[in-house]
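Understanding the architecture of this molecule
This is what each chain is made of:
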Amino acid sequence: MPGKAGMMLTFQRFCVYPQNTHTIRLPLAASYSSSLPMASEAIKGAKVLMVGAGGIGCELLKTLALSGFRDIHIIDMDTIEVSNLNRQFLFRQSHVGQSKAKVARDAVLKFRPHINIQPYHANVKDPEFNVDFFKQFNVVLNGLDNLDARRHVNRLCLAADVPLVESGTTGFLGQVTVHVKGKTECYECQPKPAPKTYPVCTITSTPSKFVHCIVWAKDLLFAKLFGDKNQDNDLNVRSSDAASSSENVEDVFVRRNDEDIEQYGKKIFDHVFGYNIELALSNEETWKNRNRPKPIYSKDILSDELAQPNGNVDKKCAFDDEFSVSAMKSLGMKNPQDIWSLKENSRIFLEALRLFFTHRGKDVGNLTFDKDDQLAVEFVTAAANIRAASFGIPPYSLFEAKGIAGNIVHAVATTNAVIAGLIVIETIKVLQNDIKSYRMTYCLEHPSRKMLLMPVEPFEPNKSCYVCSETPLSLEINTKRAKLKDFVEKIVKAKLGMNLPLIMNSSNLLYEAGDVEDDMVAIYSANLEKVLAELPSPVTGGTMLTVEDMQQEFVCNVNIKHREEFDEEKEPDSMVLSGWTQHVSAPENKDKPAANNGASTSGASVPAVESDEISIVSPTKKRKLTNVPNAPGNEARNHQDELQVIDDEDDLVMLEGNMEGFKKRKLS
Amino acid sequence: MDGDGEELTAQETALYDRQIRVWGADAQRRLSKAHVLVYGMKGTIAEFCKNIVLAGVGSLTLIDDRIASEEAFSSNFLIPPDENVYGGKTLAQLCCDSLKDFNPMVRVSVQKGDLSSFDVEFFNNFDVVVVSSCSLPAKKLANEKCRKISKRVAFYTVDCRDSCGEIFVDLQDYKYSKKKLEETIECHLRYPSFEEALSVPWKELPRKTSKLYFAMRVIEKFEEAEGRSAGEVSVADLPGVLKLKKELCAEQSLNESHVPDTLLERLVTSTLEFPPVCAIIGGILGQEVIKAISGKGDPLKNFFFFDAFDGKGIIENISNSNA
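Residues numbered from 1 in each chain as written. Chains lettered and ligands numbered in written order. Predicted model: local features only at pLDDT ≥ 70, side-chain atom pairs only at ≥ 80, totals over all residues. Heavy atoms only, no water.

Here chain B is described in UniProt, under the heading Subcellular location (unreviewed entry), as follows: "Nucleus". The annotation that UniProt attaches to chain B under Pathway (unreviewed entry) is "Protein modification; protein sumoylation." (UniProt positions renumbered as here; feature names shortened; annotations may be inferred.)

An unreviewed UniProt entry lists chain A under the name SUMO-activating enzyme subunit, from Arachis hypogaea.

1. As for the overall build of chain A
When helices and strands are tallied, chain A shows 22 helices and 18 strands. In chain A, the proportion of contacts linking residues at least 24 apart, taken out of those at least 6 apart, comes to 69%. Only carbon and sulfur atoms are counted for the fraction: they give 49% of the accessible area of chain A, which is about 26900 Å². (Helix = DSSP H or I, 4+ residues; strand = E, 2+ residues; numbered from the N terminus. Contact = heavy atoms within 4.5 Å. Areas by Shrake-Rupley, 256 points an atom, 1.4 Å probe, with all protein chains shown as cover.)

2. As for the UniProt feature "domain: THIF-type NAD/FAD binding fold" (unreviewed entry) in chain B
In the UniProt entry, the feature "domain: THIF-type NAD/FAD binding fold" (unreviewed entry) is given for residues 16-312 of chain B. Secondary structure across residues 16-312 of chain B comprises 42% helix and 19% strand; the distance between its end C-alpha atoms is 31 Å.

3. Points about the domain arrangement of chain B
All names here are of chain B. When the domains of chain B are assigned, the result is domain 1 (10-192 + 273-316) and domain 2 (197-269). For domain 1 and domain 2, the distance between their C-alpha centres works out to 26 Å. The interface of domain 1 with domain 2 comprises 22 residues on the first partner and 20 residues on the second. Interface area for domain 1 against domain 2, summed over the two sides, is near 1700 Å², with a carbon-plus-sulfur share of 63%. Where domain 1 packs against domain 2, one counts five salt bridges. Inspection of the region where domain 1 meets domain 2 yields seven residue pairs in polar contact (both at pLDDT 80 or more). Elements supplying a minimum of two residues to the side of domain 1 that touches domain 2: α7 (136-148), β5 (154-161), β6 (164-170) and β9 (303-307). When its residues are assigned to classes, the side of domain 1 that touches domain 2 shows 10 nonpolar, five polar and seven charged. (Domains from an automatic or database assignment. Buried area = accessible area lost by both parts, 1.4 Å probe. Salt bridge = Lys/Arg side-chain N within 4 Å of Asp/Glu carboxyl O. Polar contact = N/O pair within 3.5 Å; in protein donor to acceptor, adjacent residues only side chain to side chain. Nonpolar A, V, L, I, M, F, W, Y, C, P; charged D, E, K, R; others polar.)

4. Considering the pairing of strand β3 (residues 116-120) of chain A
Residues and elements named next belong to chain A. Where strand β2 (residues 71-75) meets β3, five bridges bridge the pair, whose relative direction is parallel. The residue of β3 that forms the bridge with histidine 73 is glutamine 118. As a crossover connection, the stretch from β2 through helix α4 (residues 100-109) into β3 is right-handed. (Pairing = 2+ DSSP bridges. Right-handed = clockwise from strand over helix to strand, strands pointing away.)

5. Quick notes on a negative patch on the surface
All names here are of chain A. A cluster of like negative charges, contributed by Asp78, Glu81, Asp145, Asp370 and Asp372, occupies part of the molecular surface. Assignment of secondary structure puts aspartate 370 in the loop between α15 (342-359) and α16 (374-390). Residue aspartate 370 is classed as partly exposed on the basis of its relative accessible area of 37%. (Patch = residues over 30% accessible without salt bridge, like charges linked within 9 Å, V, L, I, M, F, W, Y side chains within 5 Å. Lys, Arg positive; Asp, Glu negative; His and termini not counted. Charge placed at Lys NZ, Arg CZ, Asp CG, Glu CD. Buried < 20%, exposed > 50% of the residue type's maximum accessible area, 1.4 Å probe, protein only.)

6. A word on the environment of Cys134(B)
Residue and element names in this part refer to chain B. Take cysteine 134: it is sitting in the loop between β4 (128-131) and α7. For the pair formed by cysteine 134 and leucine 115, sequence separation is 19 residues and the distance between their alpha carbons is 8.8 Å. Ignoring anything within four residues of it in the chain, the contact list for cysteine 134 reads Tyr39, Leu115, Lys139 and Ala230.

7. Examining the interface of chain B and chain A
With 70 residues of chain B in contact, the opposing surface of chain A contributes 75 residues. Of all residues in chain B, Arg18(B), Arg21(B) and Phe309(B) give up the largest surface area on contact with chain A, accounting jointly for 14% of the area buried on that side. Inspection of the chain B/chain A interface yields four salt bridges. Here Lys62(A) ties to Glu47(B) by a salt bridge, and the two come within 2.5 Å at their closest N and O atoms. Remark: the boundary between chain B and chain A carries 12 residue pairs in polar contact (both at pLDDT 80 or more). A total of nine residues in the side of chain B that touches chain A trace back to one element, the largest contributor, which is helix α2 (residues 17-32) of chain B.

8. What about the UniProt feature "domain: Ubiquitin/SUMO-activating enzyme ubiquitin-like" (unreviewed entry) in chain A?
The feature "domain: Ubiquitin/SUMO-activating enzyme ubiquitin-like" (unreviewed entry), as annotated in UniProt, sits at residues 475-566 of chain A in this numbering. Along residues 475-566 of chain A the backbone is 26% helical and 30% strand, and the end-to-end C-alpha distance reaches 13 Å.

9. So, the sheet that holds strand β15 (residues 575-578) of chain A
Residue and element names in this part refer to chain A. Strand order across the open sheet formed by six strands is β12-β11-β13-β14-β10-β15, with mixed pairing between neighbours. Only two strands of the sheet have a single partner each, and these edge strands are β12 (508-512) and β15. On average, each strand axis in the sheet is inclined to that of its neighbour by 25 degrees, with strand direction left out of account. In this structure, strand β10 (residues 473-477) lies alongside β15, joined through four bridges in antiparallel fashion. The residue of β15 that forms the bridge with glutamate 476 is valine 576. (Axes fitted to C-alpha atoms, helices over the stretch in contact; angles between N-to-C directions.)

10. Topic: the state of the cysteines
Counting across every chain of the model gives zero disulfides over all chains. No disulfide involves Cys58(A); its sulfur sits 18 Å from that of Cys278(B), the nearest cysteine. Counting only cysteine sulfurs, Cys278(B) is the nearest neighbor of Cys160(B), a cysteine outside any disulfide, at a range of 5.6 Å. With relative accessibility at 4%, the residue Cys160(B) sits in the buried group. (Disulfide = S-S within 2.5 Å.)

11. Quick look at the domain arrangement of chain A
Segmenting chain A into domains produces domain 1 (36-194 + 411-456), domain 2 (200-237 + 253-301 + 321-400) and domain 3 (473-578). Put simply, the middle of domain 2 of chain A and the middle of domain 3 of chain A, counted by C-alpha atoms, are 37 Å apart.

12. Comments concerning α2(B)
Residues and elements named next belong to chain B. End to end, α2 covers just 14 Å across 16 residues, shorter than the expected 22 Å (1.5 Å per residue, more than 12% under). The sharpest bend along α2 reaches about 105 degrees and sits at tryptophan 23. A large share of α2 lies buried, amounting to 14 of its 16 residues. (Expected span 1.5 Å × (residues − 1). Bend = angle between axes of the 7 residues up to and from the residue.)

13. As for the environment of Val158(B)
All names here are of chain B. Mapped onto the elements, valine 158 comes out in strand β5. The exposure class assigned to valine 158 is buried, which follows from its relative accessible area of 4%. Between the C-alpha atoms of valine 158 and phenylalanine 168, which are 10 residues apart in sequence, the distance is 6.4 Å.

14. Observations regarding the packing of aromatic side chains
Taken as a whole and judged by the stated rule, the model has 37 aromatic pairs over all chains. Measuring from centroid to centroid gives 5.3 Å for Phe133(A) and Phe137(A), while their planes differ by 65 degrees, and the two rings are edge-to-face. For the pair shown, Phe133(A) and Phe137(A) are each scored as buried. Ring centres of Phe303(B) and Phe305(B) lie 5.7 Å apart, and the angle between their planes is 0 degrees; this geometry places the pair in the stacked category. In this structure, Phe303(B) and Phe305(B) share a single accessibility class: buried. For the cation-ring pair, Lys47(A) lies above Phe137(A), with the distance from its terminal atom to the ring centre recorded as 5.8 Å. (Phe/Tyr/Trp six-rings, centres within 6.5 Å; stacked < 30°, edge-to-face > 60°. Lys NZ or Arg CZ within 6 Å of the ring centre and 35° of its normal.)

Rendered as structure tokens:
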């Protein structure tokens with residue numbers, strides 16, 4: 001029960017214990033007696049906001065409640081899925097489909113019936129969670145799984161001047177960090193792994209890694225066959241021969257009403273794995289320094305089966321409902337961890353395609369890839385594997401492919417529990433304003449100097465952080481070619497993380513998102529389509545644009561520099577932003593993203609973690625999993641330039657080895 | 001019950017998907033065949049039980065005949081604070097009812113009796129034994145019994161007081177393999193028993209050995225000397241504890257600064273557990289047990305310490321070879 005004598009006794013003794021260590025210079029803290037009843041009083045009176053009721057959230061809510069917190073608000077927009085149940089222990093099978101925030105609350109009230117837990121089944125980016133909302137809390141605790149939301153919350157906490165305790169876990173790794181405006185770095189002061197992007201030609205013509213094949217299978221082929229037909233799609237291979245007109249290609253993918261499904265399937269197969277490859281081969285330039293792919297035709301792989309016309313149609317497998325429709329089941333293949341042969345992949349490809357049309361016909365034309373859609377996963381795996389075979393890339397099992405295509409974070413309960421404990425410890429320090437005791441704590445898989453849990457002092461704010469220090473940015477862009485919408489989508493939203501931006505050129509409002517007066521709607525829409533230099537208030541070299549997000553209360557100035565040419569491979573956006581804490585794909589310093597699914601695959605010098613990493617999962621080779629998530633906002637992608645793969649991973653920045661480098665900017 | 005055949009069922013694959021991506025299907029299968037025994041159902045053990053039930057072990061057996069009281073659920077989220085529900089039941093019984101809910105595929109049961117009363121044959125039913133709320137003699141005895149069994153029974157102790165926690169690991173003679181880049185490395189660790197570890201002279205330990213190790217040993221010895229059960233100390237005992245500390249340090253030729261009075265004061269004054277530390281220690285312990293059962297990952301050898309005051313989670317190797 002809250003306020004019990006026994007519990008108070010525990011917290012009375014909780015204060016910073018003076019200790020000197022050989023690397024971290026800890027100041028001598030106040031002695032015991034001075035902080036006696038403060039901790040429990042601070043806890044009792046605290047109003048806490050939790051963002052996220054998932055893996056970390058469940059553990060955190062439980063530990064906060066046990067620790068004596070009595071007023072907890074929790075925001076989570078998700079509903080419960082079966083795959084959550086291995087670690088989100090407040091949920092049961094019977095809760096699948098229900099709101100995480102609400103069920104978590106009910107579960108905790110069972111063992112702490114008299115505390116106040118306010119759940120919100122909503123997106124933290126909703127306008128109701130504005131600065132005033134955040135201001136009512138003593139501290140905000142994040143248990144999120146994506147960078148976008150984290151940045152959003154970071155800005156709101158800065159605007160509201162409320163301390164933020166951030167955290168993340170992936171597998172056995174985890175971290176807890178403390179962010180207090182003006183005193184420590186904000187969440188965005190340090191570079192975070194940025195969205196991984198692939199130039200479109202790599203996906204359409206020159207894949208070299210399995211993830212390229214997945215992106216092709218998922219975002220091009222699957223989308224083309226089963227998705228919105230009106231969407232732009234880059235499925236065509238770029239060839240030097242301009243005679244391959246897009247109209248011919250359109251015909252191939254559209255299935256005529258009377259077209260036999262098996263014929264249609266083989267036609268598609270032969271087109272994408274055979275004809276398209278031959279077309280690509282015809283462009284000699286591409287293959288000068290690369291291995292040539294091999295065209296694959298169904299008749300060569302499935303020669304024995306083709307002899308039975310329509311024989312397979314009769315052997316229909318019965319499915320309980322449309323959710324259990326599965327090509328694997330149909331073909332008697334049981335193990336998702338098996339690596340299929342080219343023949344098996346081809347069979348799955350054709351069978352999955354057939355099943356979509358015969359059993360899920362009404363879905364065709366409006367599907368987007370969903371990692372929990374078994375048939376979609378089967379199709380994408382098979383398609384990616386066949387393409388991989390064509391390009392000499394080793395195949396993956398369905399289990400692994402699903403992880404890549406679905407951007408699945410591997411996760412266990414224990415790491416989340418440890419991190420939750422660490423979060424509560426930091427929270428109590430924050431409530432007591434015990435600044436000198438704040439720590440960033442890293443949970444390691446392999447001990448570093450005997451430590452599995454490694455605390456480090458926070459840093460001072462980064463003076464060049466464009467988020468908390470208001471440093472102006474510079475943007476190199478071709479002001480005669482780029483449109484305002486490119487700037488908004490690729491820079492303001494994607495890179496600067498603004499949700500509902502406002503763009504101004506001096507005092508001229510060029511664009512405003514969200515609720516806008518009727519007479520302005522048309523003007524803003526028109527502005528988006530205009531080239532920068534041709535805007536009503538022209539944007540040229542030397543212009544300073546002001547971008548702002550009212551909800552995040554975040555303002556940023558961007559100096560525009562005109563530039564004519566950009567490198568297609570290195571600068572696929574035709575824009576270069578500087579002064580912005582740039583992502584590190586090949587870090588020189590000791591910071592490194594560790595064991596997240598977003599490890600760089602660029603082939604450039606990969607962070608040290610890869611050579612030390614001991615593979616626990618993969619039986620044969622060490623696989624570098626990379627992200628191919630289905631991020632929100634994908635609709636806004638500009639297909640002409642690239643396929644943006646947005647990193648939705650928990651990001652971890654691991655500190656290892658020499659701590660000396662960090663001494664300079666420590667708090668005390 | 002062993003899994004049906006060698007494949008994971010569709011239900012297991014769906015439920016355990018995220019963790020299979022961490023440790024593999026093979027490890028998951030081994031987990032489903034493992035039998036775990038736990039003694040002493042306080043907050044940290046509750047956390048540990050939650051973790052391994054979620055992980056999907058074959059069975060979990062709980063021992064704790066203490067009748068539930070208000071103190072019990074101050075740090076134990078498995079016990080509903082409703083007298084109508086908890087009245088009269090033992091801690092083991094209450095925790096068992098809650099744990100079953102977390103994962104219907106795990107068989108959770110209660111065993112009545114005092115730890116010291118079970119013979120070697122009893123321990124032979126298990127692959128892992130975890131004890132807490134346990135006096136020094138009882139710990140040693142249980143450890144010895146486990147070591148007498150020909151198949152390896154992994155033995156762990158855990159103790160959390162104030163905002164500190166200690167884990168001890170004994171995997172006896174432990175061989176495992178791991179992959180480094182493209183190679184497979186064979187590893188071999190030899191663990192001392194609890195008694196053997198404690199017999200290592202203090203002055204032979206590295207200078208920076210965690211102060212918590214020594215502090216816990218002083219209190220352990222005090223409780224034994226005074227005939228107390230584990231955790232049965234209070235601030236009134238502080239003078240006696242400090243006196244014992246002086247004696248032990250002199251005996252062991254260890255400078256007293258290695259066992260700060262302030263630390264001892266903390267540990268005797270608030271013997272209740274601190275929930276965040278329960279979560280941390282319960283999590284680390286859970287991971288260790290999963291490693292030992294699955295044979296994957298470097299197990300820690302052989303002590304782990306955490307103190308919320310400095311926030312460090314430290315591994316100490318307290319053994320004669322000091323390897």
